[in-house]
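For reference, the chains in residue letters:
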Amino acid sequence: MTTITSSRGHTEVVSARRTELRDVSDIISLFSHFTEDVFGKIDVMHLLEKSNLSLILCNEKNEVIAHAAFLDYPNWNITDQSDWESFLHKNYLNNKCTPLNTLFMHLFVAKEEYAAGCSQEIIRRVFIAIPELQFILLFIPLSLLHCVGEVCCVFLFVCFVLFFKYIENSYHFLNIEKPQLEDYNDLMPIWMRQNETLKETYSEYFLADIIEHQDEENQAVVCEVNTAVGFMSLCSQVDVSLFHACFDLGPFHGLCKPHPEDVLKASQEPSIPEGRESPTVIQEETVRDLLLHLECHKSMGPDKLYPRVLRELVEVIAKLLSTIYQHSWLSGEVPEDSSASPLLETEEKDTFHPVYRGASNAVCIRLFCIDEKYETRSLDFLHYVFKLFPDKDFCIILVPHHVPEFCLIRSFVRVVPYFTTQLGHELYVFHRAGLLNYFITADFQFLTFQDIEYIRSHYNIEDFIHFNHHQQEEHGRLYHFALNPIFHHYTKHFLKEILRLAHKSSLYYPIYPQYEEGKFQNPCAHSLTSALHYMVPVRPRRQIVYPLEELGINAPSEQVSKDQLSYSLNHINRKLITESKTSINSRIVVVGASDVGISFLETLVFCPHLKFNNLTLISIHGLPGKDLPASKHRRFLINSHCFNDEDYAQMSLCSWVNIVVGKMIGINRTAKYVVISKQRKVPYDYLVLCMGQKYQVLSPTGADVSKLPTNRDVLSEWPQRYTGKVPSNHFTLNDDQDCLKAMHWLEENIVNSEGNVIVYGNTIDIYTTVETLLSLGINGSRIHLVQPPLSSNVTCLNNSEIESAVQEALSEAGVSVYYDSILAQWSKGDDPDLITCAAFTTNTKPFKLQCSAFFSFAYRTVDYETFKAINDACLVFDGRLVIDTEFHTNDVSIRAAGSLTKYSRKYYADECTHSNFNSKEIGFELATSMLNLFDPTLKPFSKPPEGMDSLIPMYKGCKIKGGILPRGCNYLHISKPEIPIHLDIELALSDHGMEIITGKARHGNYFRMHINKYSMVDSITCFSKTPFPVSNYICLYGQHERLLNDLHYRWNEGQITDLYSYFREPWSMAIYHDRFIDLKKELRQILLSEQVRKMTSKCILLFGQFVSVVHFGFFPHPSPKPILRYLHRHRPHLPMYARAAGERGAGGRAGRAGL
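Thresholds applied
- Residues numbered from 1 in each chain as written.
- Predicted model: local features only at pLDDT ≥ 70, side-chain atom pairs only at ≥ 80, totals over all residues.
- Heavy atoms only, no water.
- Helix = DSSP H or I, 4+ residues; strand = E, 2+ residues; numbered from the N terminus.
- Buried < 20%, exposed > 50% of the residue type's maximum accessible area, 1.4 Å probe, protein only.
- Contact = heavy atoms within 4.5 Å.
- Areas by Shrake-Rupley, 256 points an atom, 1.4 Å probe, with all protein chains shown as cover.
- Pairing = 2+ DSSP bridges.
- Core = buried A, V, L, I, M, F, W, Y, C linked by side-chain atoms within 4.5 Å.
- Axes fitted to C-alpha atoms, helices over the stretch in contact; angles between N-to-C directions.
- Phe/Tyr/Trp six-rings, centres within 6.5 Å; stacked < 30°, edge-to-face > 60°.
- Lys NZ or Arg CZ within 6 Å of the ring centre and 35° of its normal.
- pLDDT = per-residue confidence, 0-100.

### Comments concerning the overall build of the protein
The number of helices and strands found in the protein is 35 helices and 44 strands. Out of the 1155 residues belonging to the protein, those deemed buried represent 52%. Of the contacts made within the protein by residues no fewer than 6 positions apart, 74% connect residues no fewer than 24 positions apart. A total accessible area of about 54,000 Å² is found for the protein, and carbon and sulfur atoms account for 52% of it.

### Looking at the pairing of strand β5 (residues 102–110)
In terms of burial, β5 is largely enclosed, as 9 of its 9 residues are buried. As defined by bridge partners, strand β4 (residues 64–71) adjoins β5 across 6 bridges and the pair is classed as antiparallel. Considered in β5, the bridge of phenylalanine 70 is made with methionine 105. Here β5 runs beside strand β6 (residues 135–137); their pairing, made up of 3 bridges, is parallel. Looking across to β6, one finds that phenylalanine 104 is bridged to leucine 137.

### Notes on the nonpolar core
Among the nonpolar cores identified, the biggest contains 94 residues, and Phe600, Phe612, Val657, Ile667, Leu687 and Leu689 are the most heavily contacted of them. Sequence-distant contacts of phenylalanine 612, defined by excluding residues within four places in its chain, comprise Ile584, Ile588, Leu604, Trp656, Leu931 and Phe934. In terms of nonpolar packing, the next biggest core, distinct from the first, is built from 48 residues, Ile4, Val38, Ile56 and Ala110 among them.

### So, the sheet that holds strand β32 (residues 822–827)
Read across the open sheet, the 3 strands follow the order β32-β33-β34; overall the sheet is antiparallel. Edge strands, defined here as strands with exactly one partner in the open sheet, are β32 and β34 (847–850). Direction aside, the axes of adjacent strands within the sheet are offset by 25 degrees on average. Here 5 bridges tie β32 to strand β33 (residues 837–841), and the two strands are oriented antiparallel to one another. Across the sheet, the residue bridging to tryptophan 826 is alanine 838, located in β33.

### Here we look at the packing of aromatic side chains
Tallied over the entire structure, the rule returns 40 aromatic pairs. Geometrically, the ring pair formed by tyrosine 695 and phenylalanine 857 is edge-to-face, given 5.1 Å between the ring centres and 85 degrees between the ring planes. Of this pair, tyrosine 695 sits in strand β27 (residues 694–695) while phenylalanine 857 is found in strand β35 (residues 853–857), placing the two residues 162 residues apart along the sequence. Note on phenylalanine 731 and tryptophan 745: the rings are 5.4 Å apart at their centroids and 65 degrees apart in plane angle, and the pair reads as edge-to-face. With phenylalanine 731 in strand β28 (residues 730–731) and tryptophan 745 in helix α23 (residues 736–749), this pair connects stretches of sequence that are 14 residues apart. In terms of burial, phenylalanine 731 and tryptophan 745 fall into one category: buried. By the ring-pair criterion, three or more aromatic residues cluster together here, those being Tyr722, Tyr760, Tyr818, Trp826, Phe840, Phe847 and Phe854. Sitting over the ring of tyrosine 864, arginine 721 keeps its end group 3.8 Å from the ring centre.

### Examining the confidence of the model for the protein
Averaged over all residues, the pLDDT of the protein equals 81, while 80% of them reach at least 70. For the stretch residues 294–312, pLDDT sits under 50, and the model shows 28 contacts to residues farther than four places along the chain or on other chains. Confidence over residues 1111–1119 falls short of pLDDT 50; this stretch has 29 contacts with residues more than four positions distant or in other chains.

### Overview of the sheet that holds strand β25 (residues 680–683)
Spatial ordering of the open sheet is given by β23-β24-β25, a layout of 3 strands whose pairing is antiparallel. This sheet does not close on itself; its edge strands, each paired only once, are β23 (664–668) and β25. Taken pair by pair, the neighbouring strands of this sheet meet at an average axis angle of 25 degrees, ignoring direction. Taken together, the 4 bridges between β23 and strand β24 (residues 673–676) define a ladder with antiparallel strand orientation. Bridging across to β24, isoleucine 667 finds its partner in valine 674.

Below you can see the structure in the form of structure tokens.
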């Protein structure tokens, strides 16, 4: 807050913020009769979209009283934006202006009486926002001096006199010198204003001691502006060996002087995996020669690299490529023979750490404080520091994880820590060469991004730019960005120069997935683009699955509907260049790559204004989504449809998250670290447990079947966890990697041999597994489906018609089915590692089955190692890990979510767990609750009303499960989040609503839709031999039946005979659109804005208009403006709808929706 005074003596308290699009009308209202004379004809929307920085001043009433916009090239288009330096040096005396330190004012408007004060405050704010900035220039036509009014001339001259005076007095380089004891009194107020940690740790006496006791190795410096305003204490004795064990210091030569005995490469050849030949050594010279002889006219290859780009970067990447290939081959990640079958890895490989024998080359900042008014000039200290220590090239500083980044370290480079380091600090490094004040960007060639319409339709890019203000040629694609680490703090300036010199306004960097079946993603950087963390990841958009044949000529263009390899998209534009992300260094460790865990990480990663530097995922098999699309082994398990292959590719979590492959076996709450396999320790500040429940190996009851026991005799001892060595032909499938391992084993040992496969359990996964076994070519007579007694009256399918169809399909395939059977024994033959026979008890007499493979889905619970780790850490466990409604355990640093958890008994909701809700929604809410700890822009949550804090939250997202059941039928069930009840009981309820069913399950065309008493879609069940668009049908959940083309009315009139074809009709496409929810919200706001007495009639009118437009293709009078805007805005996705009269192209193609 700053107080400014008007020309009439009035005062206003103002605050500054970034300009937003909602401010456009207020800015235009500030235009005066001479605004166009000074700045030219201005399109405010276009200017805001293209400006590097634009600021608004608001008063206490939140009224806009001033605005200014700044770009990195001159106003009035007096010269080409890429060549203004030479123009300026040629025509003006000033030769100190460079692209690094100069901006140009393109617009300034303010309330007339506050113009002078507002201009001074905005200029001050701009220099604070951009510390490197030294000059702000404005070009004014010479004719303006004698043709504009007196007020304008006075304002301009006063403004710039104040501006230059302000820079001269306040924003020159600070005076840095050695401190004296008399500086103590000036520094103490600054010292005491710092955080409590400084005051408690050092106290005022410590500061006096530092000033008084200085020597050659321990120095202190002070900065002055008339009085001391900042202080820094330094030490040249740095134990860099400690940092070698904790941080990846390779890019900085270990902070040591070069030494002839440095070991920078592995001194001996690693052992070659058994069964593999020694690889051909790929020398750096060989790679360089190959790159230099690439044919530049060739198009880019499957790795998305142009040969020309590779050849030009030869000196940068030759050594890197040779090292990568050699390491990758030895680690088994890239087989020398590309046709070799992939290996299933179980853990990460150890990495080589260089050995540095040279002397320390760093000076350490032990203590630093500066007055907030001058903190943007913190870097001025380093000029003097490197003069004090001329033999040191690096300046380093250690900062606790929980301390937010301050101005000084924003110019430093954060060193990547090893995931096992337990040092509770972040290390930041600055090289003396980083004190440059000018750099030259060499000539380069730039490629325009041709797929911009695809990006617009497939990604939420309009969260960051407005396409109408960007020309096609202004979009550029970034292929690689290699920058020496010591200059990383200039990355944004480098990108800004790329945009200016290439006449671009936006840059895009796609990251394509690297599918490796059965492999773990390398947790190291997989790209030469070091600018990734300065860009923003762009969320993908949900896509409509179009019935292209039915739509015919009314289908969307190929740019919208085409299928291509999915990628994650990262973006930066002129506006984002000057917007700093808030860096979060807190170590957040997520255990478990479940849907909840992935959703949690996705939410954090896609926060555009936050940068999480220490996100870690601990998972047995690494990240999901690394298998080839449509891999057959995925059919073993039911699908939750939270994430698919495309989603994983578009997230590219491996670009943002450290992946630790292993299993959690312990938690040390005192020291705050997680113990994983091989006793490795992963430290955390916040631990998030998302492992979920898993299928466990079920122990046989041990009943002697020769004595003819029944289930009644053994039920009290069942089920129990098996504690012995698990036979190699026993499978519990919990994720894709388990399924892949099982499929490989089956193909090698079962498919082409004889022997039975036993599938044991009563979850829906038994049916998908049986269908997968049949699809592998295993004869149905060899498959035995054994089902244990049900624990409740609700079956896994909970639909008698589908159950009958599945049983009929199993019978046709020759699969034997056994009910109410409990595993009593399994026997081993000559090979003690294999199950050869399994015996079961029933309600009557036991039976035995020969067994060559055993799949168990009968026992799902918390993994024993997980339970032991939780229990040993003294976290409250009551069958599941106990949490409150904010996901907290009894440790404030540990949160948990998913099927692993249950609510505390104080809520009296034992049956209501996260298992009943949508996992993706749970993960999102978990992330939202944690963002309150880190996001400075969020308002703190208000306390719930008294008595409401004892209620558990009710989530709204639907539960989804789908898969392929016997007979190859595609199954999908979408339902509201609730505790399951038997369908027959549900149908008998008086307020059940209505059922709409078409087709028969036995015919493979069954479609059931339940409409509740509020006329909303409550559940959907599909069972079809033909694949159907699952993502489209998910959009139907929760919709009012009137929005579904008057579904209730049409059903009662007998107009609907097949719901599959009904929801492929063109009218339904708008409902599948990802922005349909915005239209509903807008209509709802209209309804809420009306008076109560008009509510009913208005509601009927709006619904009627929507039905007319979307379903019949004509527009009633008066035209429904919100609906027209919706259809017009999304015309590329929805070309099948008629256009309103008078709209351009209204007389276009025939065959519109509903016509």
